[in-house]
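# Observations on the three-dimensional arrangement
As a plain string of letters, each chain reads:
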Amino acid sequence: MTDKDRLVPDEGLAPASTALPGGAGPLEEFTKPPTNQWREVWDQFKHHKGALYGGIMFLVIVFWVYLGPLVWTLDATHIDIRARNQGPSFDHPFGTDQLGRDTFARMMAGGKTSVSVGITAMLLALGLGSFVGVMAGFFKRLDGLLMRLTDLFLALPLLPLLLVMMLLFRDPLNAAFGPERGIFILIVAAIGVTSWMPTARIVRGDVLALKEREFVLAARSIGTTNTKMILRHILPNVLSPIMVSATLGIATAIITESALSFLGLGFPPDFPTWGRLLFDATDYLQQYPERVFWPGLAISLTVLSVNYLGDGLRDALDPRIRGR
């Protein structure tokens, strides 16, 4: 018997379709190219129809209020008494107010102010809340002090505190920076300082869970400093609640600014915001109800789109529920 006859095929070998890397068997998953994390986030986000439409709507509103005045060149503060109280027309799509000012131009100018206040106040609140939450969750000796400070701010009545801040700091800031810039700084600071607490509590809870995970303990065992630990391992993993808080913070800031302007405590009367347009339109509600409709619709669409956007970002950025 030759050596060739003594060779017996090994029946335990897997078929070529499963054994070869290029096959379509169980080993196929090992041959797939590595996927990009942000590509996975986008794939998850675009399957959330509400978030996708909300993001598109928010981008449309942002482009309209910031780039619209470049196309629609009518001055929002131009007074034309002869054209006052007109209805919608080709020259004035949203009509005019009691002084003949173009409502469409004032809507864009007011939206630019309201959206700018919302984004800037959100960034301030997000920075404060994230800092306090990370410090309280990561450093045990600071946890009690910072959380009691957070509880103190949560116990303060929001609207009376905002009113007191407006009355105390309006004149000094107006004298230092001018009426418009001074009241902008005051409103942004007031909203940001009084709305960071929910972000701090959410971030603290996630940090407390993360700092006991294996990858954090492994990084600590090789001598990673606290600063690097927070920047490289903690903050990237609390991005999801921070982004959700950011989107909700924009909506809250826009509503708060509109409420202050509606109460007459916001920007000057000749400086349009959506809340100020609502306040001015209440005197003409029975004769011209559309003047209340336009700013109210803009505020509602902005807040609704931002809320849907935050919902989609939460699902897309959270690896625990990604892919569901």
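Throughout, a residue's number is its position along its own chain's written sequence, starting from 1. Only residues with pLDDT of at least 70 get local features here, since the model is predicted, and only at 80 or more are side-chain atom pairs given and counted; chain-wide, interface and lining totals rely on the full set of residues. Derived side-chain values reflect all non-hydrogen atoms in the structure, with water molecules and hydrogen atoms excluded from consideration.

## Regarding the overall build of the protein chain
A run of H or I in DSSP counts as a helix once it spans at least four residues, and a run of E counts as a strand once it spans at least two, with each numbered from the N terminus. Tallying secondary structure elements over the protein chain gives 14 helices and zero strands in all. Secondary structure elements in the protein chain, listed N-terminal to C-terminal, are α-α-α-α-α-α-α-α-α-α-α-α-α-α. Note on exposure labels: buried denotes an accessible area under 20% of the residue type's maximum, exposed denotes more than 50%, and partly exposed covers the range between, all computed with a 1.4 Å probe on protein chains only. By residue count, 40% of the 324 residues in the protein chain fall in the buried class. Summing over all exposed atoms, the protein chain offers an accessible surface of approximately 18,600 Å²; the carbon and sulfur share of this is 66%. All accessible areas in this document rest on Shrake-Rupley with a 1.4 Å probe, and a residue is counted as covered only by the protein chains that are shown.

## Remarks on the pattern of salt bridges
By convention in these notes, a salt bridge is any Lys or Arg side-chain nitrogen within 4 Å of a carboxyl oxygen on Asp or Glu. If you walk through the whole model with that rule in mind, you get seven salt bridges. Ionic pairing is found between R101 and D97, a salt bridge with its closest N-O pair at 2.8 Å. The buried category is assigned to D97, whose relative accessible area is 7%. Residues R106 and D97 are paired through a salt bridge, measuring 3.8 Å at the closest nitrogen-oxygen approach.

## A word on helix 7 (residues 158-177)
In this analysis the local bend is the angle between axes fitted, respectively, to the seven residues ending at and the seven residues starting at the residue. At F169, helix 7 shows its strongest bend, of approximately 45 degrees, with the proline P172 following within four residues. Restricting attention to buried positions, one finds in helix 7 the residues L162, M165, M166 and L173. For helix 7, the elements touching its buried residues are helix 8 (179-193) and helix 12 (239-262). Among the residues trailing helix 7, G178 stands out with phi positive, at a value near 100 degrees. We call two residues contacting when some pair of their heavy atoms lies within 4.5 Å.

## A look at the confidence of the model for the protein chain
Residues shown with low pLDDT carry predicted positions that ought not to be read at fine detail. Per-residue confidence from the prediction method is given by pLDDT, with values spanning 0 to 100. The predicted model of the protein chain averages 81 in pLDDT, with 86% of residues at 70 or higher. Per-element confidence in the protein chain ranges from a low mean pLDDT of 46 for helix 2 (residues 16-19) to a high of 91 for helix 5 (residues 103-138). In this model residues 7-25 is a low-confidence stretch, pLDDT under 50, and it forms ten contacts with partners more than four residues away in sequence or in other chains.

## Here's the deal with the layout of surface pockets
Throughout, the protein atoms alone are placed on a 1 Å grid, and a set of points is a cavity if a 1.4 Å probe fits but cannot get out or a pocket if it is open with protein on both sides within 12 Å along at least five of seven lines; lining residues have an atom within 4 Å of a point. Grid points are joined across faces, edges and corners, and a volume is the space filled by probe spheres set on the points. In this structure, the second largest pocket encloses a volume near 320 Å³. Together, 21 residues line the second largest pocket, and S195, P198, L248, G249 and T252 are the ones closest to its centre. Among the secondary structure elements, those contributing two or more residues to the lining of the second largest pocket are helix 5, helix 7, helix 9 (197-210) and helix 12. If you tally residues by element for the lining of the second largest pocket, the top one is helix 12, at seven residues. Each residue gets one of three labels, nonpolar for Ala, Val, Leu, Ile, Met, Phe, Trp, Tyr, Cys and Pro, charged for Asp, Glu, Lys and Arg, and polar for the others, Gly among them. Taken together, the residues that form the lining of the second largest pocket break down as 14 nonpolar, seven polar and no charged.

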